[in-house]
Amino acid sequence: MNKQNRIRTSFAIISVMLASLVSTSSANAAESTLQDVLKRGYLLVGTGSGNAPWHFKDASGKLIGMDIDIAGMIAKGLFDDATKVKFIEQTPDSRIPNTLTNKVDITCQFMTVHGIRAQQVAFTKPYYREGVGLMMKKGSKYKTYADLRKAGAKVKVSILANVQATDYVHAALPNAKVLEFADPALSVAAVDAGRADAVAYDQSSIGWLISQFPGKYVDSGFGWMPQSYSCAMRPDDQVWINFVNQVLNEAMSGVEFEVYKASFKKWFGVTLPQPRIGMP
Amino acid sequence: MFKNLNYAAVWRSLDDLAYGLGLALSLAVISIILGSLIGIVVAFSLTSKKKHLRIVSNGYVTGIRNIPLMIIVLFIYFGLPDIGLLFGQMESFIFALTIYAGAYLAEVFRGGLISIPVGITEAGMASGMSNLQINMFIKLPILLRSVMPALSNNFISLFKDTSIASVIAVQELTFQIRKINLDTFRTIEAWSFGTLIYVFVCIGIASILRIFERRLAIPR
């Protein structure tokens, strides 16, 4: 080989060695998201906006809500500081893609756990069990779910127009007349204006409205159609998944229970019972 | 986007669509008839010699024409109960569309009124007819025959405006189309077929009015 070829060849050999060194080291490190986040110093969380009481903006434009608080609890477990979170706002259909492509470390965006979604992302343990509830105006002649049920076909229930919305209502009130509105605010306005006797709405939203407008509304006390809300993560990072689940467990029944309890009260107006001491 | 079109969901819901269409037509016909009556009365007020009648009718026309129909509907359905006026669901929409139609039709009829040659009115006065008799037996017949071409535009518009009733959960045609879409996510199929229904009905309305126009035309 002449001199030029020799230089080229040795250069090539050295680059290949360096490349394999780099790839080996990254394969060896196989860093979990956990280490990445700790090194970065803040948690990147995907969430939405405009859905009280889960993720919405206060008067100063800051994101607040239950999902925001859950993210804060995870950040506390990482940095002992619930404010070390940066939120990426995403639309509902970006939740899975953003999580899988590492645009966010975790998504906390009132995500319902479905088998079909669980095939793509890993879910944490649920931090809320959502359901459909019935809300009446205070002073209505119907005070409880039993009253509504007894009134049969005389009852008018408003609901957000949705796939099988009428069936959802009939699952609880088989003979009620159903008014389907294009957005949830209108379905609540229907109860305000006496157009409907009750609105079928997310239990969390009912809790929020009752705490925001004290004395205006009444919860029928009946909830149906349970669904779990969990955070979503990449499915191949077991270290990260274990860590987040542990933090959420301690928030819901361990050292951080008071924080979780305070959020629950703030956003849903519900006081949680203390976890029973003894057997976990 | 146009691959994999499947209209089966639409065919399955033909009776719902027919119900929606029937309801839309009923709402339109009632509102158009009542709105026309209001429009004629208001048109006479707009051209009246009495100033207070002109002010009141001008206020009505200007006020209503500058508010979108959806806002009028929402106000009547959700807002009026606050002051104790609780109309039924259909009644609320008919009320809204009627006062909306009245304002627009008043302007159409007013145009017809001011185009009546003065000589005809003077002939009536010379024959000893009272103002009311002139209005009813001379001006009104001429008015109705001369505004026919302009009316078809408004009537077609008012029929399409019945789609706004879906906002207060009235299950007319647009509500039914939206329901098919929500239930099956067959967006293009549902909306394309629904659009066709609207197009054919509007063409039908225009044709019927054309026939009336030709029959009732003032001979030239």
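Parameters at a glance
- Residues numbered from 1 in each chain as written.
- Chains lettered and ligands numbered in written order.
- Predicted model: local features only at pLDDT ≥ 70, side-chain atom pairs only at ≥ 80, totals over all residues.
- Helix = DSSP H or I, 4+ residues; strand = E, 2+ residues; numbered from the N terminus.
- Buried ≥ 20, exposed ≤ 12 C-beta atoms within 10 Å, placed from the backbone.
- Contact = placed C-beta atoms within 7 Å.
- Nonpolar A, V, L, I, M, F, W, Y, C, P; charged D, E, K, R; others polar.
- Expected span 1.5 Å × (residues − 1).
- Core = buried A, V, L, I, M, F, W, Y, C linked by C-beta atoms within 7 Å.
- Domains from an automatic or database assignment.
- Axes fitted to C-alpha atoms, helices over the stretch in contact; angles between N-to-C directions.
- Left-handed = near helix turned anticlockwise from the far one by under 90°.
- pLDDT = per-residue confidence, 0-100.
- Arc of directions from axis to C-beta.

### Quick notes on the overall build of chain B
Point 1. A tally of helices and strands in chain B yields 10 helices and zero strands.
Point 2. Across its three principal directions, the C-alpha atoms of chain B cover 70 × 50 × 25 Å.
Point 3. Looking at the 220 residues of chain B, the share that counts as buried comes to 31%.
Point 4. The long-range fraction of contacts in chain B, counting pairs at least 24 apart against all pairs at least 6 apart in sequence, stands at 77%.

### Quick notes on unusual backbone geometry
All names here are of chain A.
Point 1. Cis geometry marks the peptide bond from Ala52 to Pro53, where omega comes out at -5 degrees.
Point 2. Take Pro53: it is sitting in the loop between strand E1 (43-47) and strand E2 (56-57).
Point 3. Phi angles above zero are rare outside glycine, and Phe110 is one such case at about 25 degrees.
Point 4. In this structure, Phe110 sits in strand E5 (residues 106-112).
Point 5. Even without being glycine, Met225 reaches a positive phi, approximately 60 degrees.
Point 6. In this fold, Met225 is placed in strand E11 (residues 217-233).
Point 7. Classification of Met225 by C-beta neighbours within 10 Å gives partly exposed; the count is 14.

### Observations concerning the interface of chain A and chain B
Point 1. The interface of chain A with chain B comprises 11 residues on the first partner and nine residues on the second.
Point 2. It is strand E9 (residues 177-181) of chain A that contributes the most residues to the side of chain A that touches chain B, three residues altogether.
Point 3. Classifying every residue of the side of chain A that touches chain B gives seven nonpolar, two polar and two charged.

### With respect to the environment of B:Gly204
Residues and elements named next belong to chain B.
Point 1. Positionally, Gly204 belongs in helix H10 (residues 187-216).
Point 2. Owing to 12 C-beta atoms within 10 Å, Gly204 belongs among the exposed residues under this scheme.
Point 3. On a C-alpha basis, the gap between Gly204 and Ile99 in space is 25 Å, while along the polypeptide they are 105 residues apart.

### Here we look at helix H9 (residues 173-184) of chain B
Residues and elements named next belong to chain B.
Point 1. Across its 12 residues, H9 extends 17 Å between first and last C-alpha, which sits within 8% of the 16 Å expected from 1.5 Å per residue.
Point 2. What H9 keeps buried is the set Leu173, Thr174, Phe175, Gln176, Ile177, Lys179 and Ile180.
Point 3. On the buried face of H9, the contacting elements are helix H1 (8-12), helix H2 (14-46) and H10.
Point 4. Directly beyond the C-terminal end of H9, a positive phi value near 60 degrees is found at Phe185.

### Some points on the nonpolar core
Point 1. Of all hydrophobic cores here, the largest spans 116 residues; its most connected members are A:Ile74, A:Met135, A:Val157, A:Ala198 and A:Val199.
Point 2. Examining the composition of this core, we find that 13 residues originate from one element, helix H5 (residues 89-114) of chain B, more than from any other.
Point 3. When residues of this core are sorted by domain, at least three fall in each of domain 1 (33-128 + 228-268) and domain 2 (130-227) of chain A.
Point 4. Residues in contact with A:Ala198, not counting those within four places in the same chain, are A:Leu134, A:Met135, A:Met136, A:Tyr142, A:Leu148, A:Val155, A:Val157, A:Val191 and A:Ser220.

### Here we look at the environment of A:Pro273
Point 1. Here A:Pro273 shows up in the segment after helix H11 (257-268).
Point 2. On a C-alpha basis, the gap between A:Pro273 and A:Leu100 in space is 36 Å, while along the polypeptide they are 173 residues apart.

### Brief notes about the packing of helix H3 (residues 51-65) of chain B against H5(B)
All names here are of chain B.
Point 1. Across the interface, H3 lies against H5 with an axial gap of 9 Å and an inter-helix angle of 115 degrees. Judged by the sense of rotation from one axis to the other, the crossing of H3 with H5 is left-handed. Contacts between H3 and H5 involve Tyr60, Val61, Ile64 and Arg65 on the former and, on the latter, Ile99, Tyr100, Ala103, Tyr104, Ala106 and Glu107.
Point 2. Here the contact of H3 with H5 is built from residues that sort into eight nonpolar, no polar and two charged.

### Quick word on the confidence of the model for chain B
In low-pLDDT segments, the atomic positions of the prediction should not be examined closely.
Point 1. In this model, chain B carries an average pLDDT of 91, and 98% of its residues clear a pLDDT of 70 or more.
Point 2. What the predictor reports for the complex is a pTM of 0.72 with an ipTM of 0.70.

### Some remarks on helix H8 (residues 148-161) of chain B
All names here are of chain B.
Point 1. Here H8 spans 20 Å end to end across 14 residues, near enough to the 20 Å set by a 1.5 Å rise per residue.
Point 2. The set of residues buried in H8 consists of Leu151, Phe155, Leu158, Phe159 and Asp161. Seen along its axis, H8 keeps its buried residues to an arc of 150 degrees; they face one direction.
Point 3. Taken together, the buried residues of H8 touch H2, helix H4 (69-79), H5 and H10.

### Focus on the confidence of the model for chain A
Point 1. Averaged over every residue, the pLDDT of chain A is 90; the share at 70 or more is 95%.
Point 2. In this model residues 24-29 of chain A is a low-confidence stretch, pLDDT under 50, and it forms zero contacts with partners more than four residues away in sequence or in other chains.

### Quick word on the domain arrangement of chain A
Residue and element names in this part refer to chain A.
Point 1. Here chain A is described as being made up of domain 1 (33-128 + 228-268) and domain 2 (130-227).
Point 2. Taking only C-alpha atoms into account, the centre of domain 1 sits 29 Å from that of domain 2.
Point 3. Domain 1 puts eight residues into the contact, and the matching count from domain 2 is five residues.
Point 4. When residues of the side of domain 1 that touches domain 2 are traced back to their parent elements, those giving at least two are E11 and H11.
Point 5. Across the side of domain 1 that touches domain 2, the residue classes tally to six nonpolar, two polar and no charged.

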